[in-house]
Amino acid sequence: MAAPSGSVNCEEFAEFQLMAAHASRDRVIKNCIAQTSAVVKNLREEREKNLDDLTLLKQLRKEQTKLKWMQSELNVEEVVNDRSWKVFNERCRIHFKPPKNE
């Protein structure tokens, strides 16, 4: 993404690139979290029925780890979003004020 300059470019950059990119990544990460959560739930239910299955336990731990990584990635995305808006506001504050729903 190129750095915006001028009022039209700042507004277009904010609305069509920055906001859209953040919303898209957020949606994808949350979708992955939802899917992995469902897998973990199913594996827990299976594990309760069969406590002696070590393969099942291993798979459950693997999916739980994956879920934690995805939740962590959501936190990272929040930091990236905050920093992106900070830089945007430093560069474009005289040209364009984005809406407060960042």
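Check the entry above for the structure.
Residues numbered from 1 in each chain as written. Predicted model: local features only at pLDDT ≥ 70, side-chain atom pairs only at ≥ 80, totals over all residues. Heavy atoms only, no water.

S.K.: Break down the overall build of the protein chain for me, citing the residues and quoting the values.
M.R.: On a plain count of helices and strands, the protein chain comes out with two helices and zero strands. Among the 102 residues that make up the protein chain, the fraction classed as buried is 25%. Counting contacts in the protein chain only where the partners sit at least 6 residues apart, residues at least 24 apart contribute 65% of the total. (Helix = DSSP H or I, 4+ residues; strand = E, 2+ residues; numbered from the N terminus. Buried < 20%, exposed > 50% of the residue type's maximum accessible area, 1.4 Å probe, protein only. Contact = heavy atoms within 4.5 Å.)

S.K.: Tell me what's going on with the nonpolar core, and back it up with residues and numbers.
M.R.: Residues I29, I33, V40, L43, L56, L60, L67 and M70 constitute the largest nonpolar core, which totals eight residues. Only α1 (7-49) and α2 (54-92) provide two or more residues apiece to this core. Leaving out residues up to four positions away in the same chain, L67 has contacts with I33, T36, S37 and V40. Counting residues in each nonpolar core, the second largest holds seven residues, with C10, F13, L18 and F88 among its members. (Core = buried A, V, L, I, M, F, W, Y, C linked by side-chain atoms within 4.5 Å.)

S.K.: Tell me what's going on with the packing of aromatic side chains, and back it up with residues and numbers.
M.R.: The full count for this structure, using the stated rule, is one aromatic pair. Both rings, one in W85 and one in F88, keep their centres 5.3 Å apart while their planes meet at 80°; by these two values the pair is edge-to-face. On the criterion of helical spacing, the pair formed by W85 and F88 is a turn pair, its members being three residues apart in helix α2. The residues W85 and F88 share a single accessibility class, namely buried. (Phe/Tyr/Trp six-rings, centres within 6.5 Å; stacked < 30°, edge-to-face > 60°.)

S.K.: Describe α2, listing the residues and the values that go with them.
M.R.: Along its 39 residues, α2 runs 56 Å from first to last C-alpha, staying within 8% of the 57 Å computed at 1.5 Å per residue. All buried positions along α2 are accounted for by L56, L60, E63, Q64, L67, M70, E77, N81, W85, F88 and C92. Two or three places before T55, at the opening of α2, D53 has a side-chain oxygen 3.1 Å from that residue's backbone nitrogen. (Expected span 1.5 Å × (residues − 1). Polar contact = N/O pair within 3.5 Å; in protein donor to acceptor, adjacent residues only side chain to side chain.)

S.K.: Before we move on, can you summarise the side chain of H22 with the specific residues and values?
M.R.: Tracing the chain through its elements places H22 in helix α1. Residue H22 is classed as buried on the basis of its relative accessible area of 6%. Apart from residues lying up to four places away in sequence, H22 is in contact with E77, V80, N81, S84 and W85.

S.K.: Before we move on, could you go through the environment of V40 and cite the residues and values that matter?
M.R.: Along the chain, the position of V40 falls in helix α1. With relative accessibility at 4%, the residue V40 sits in the buried group. A C-alpha to C-alpha distance of 9.7 Å links V40 and K66, two positions 26 residues apart in sequence. Setting aside residues up to four positions removed in sequence, V40 forms contacts with L60, E63, Q64 and L67.

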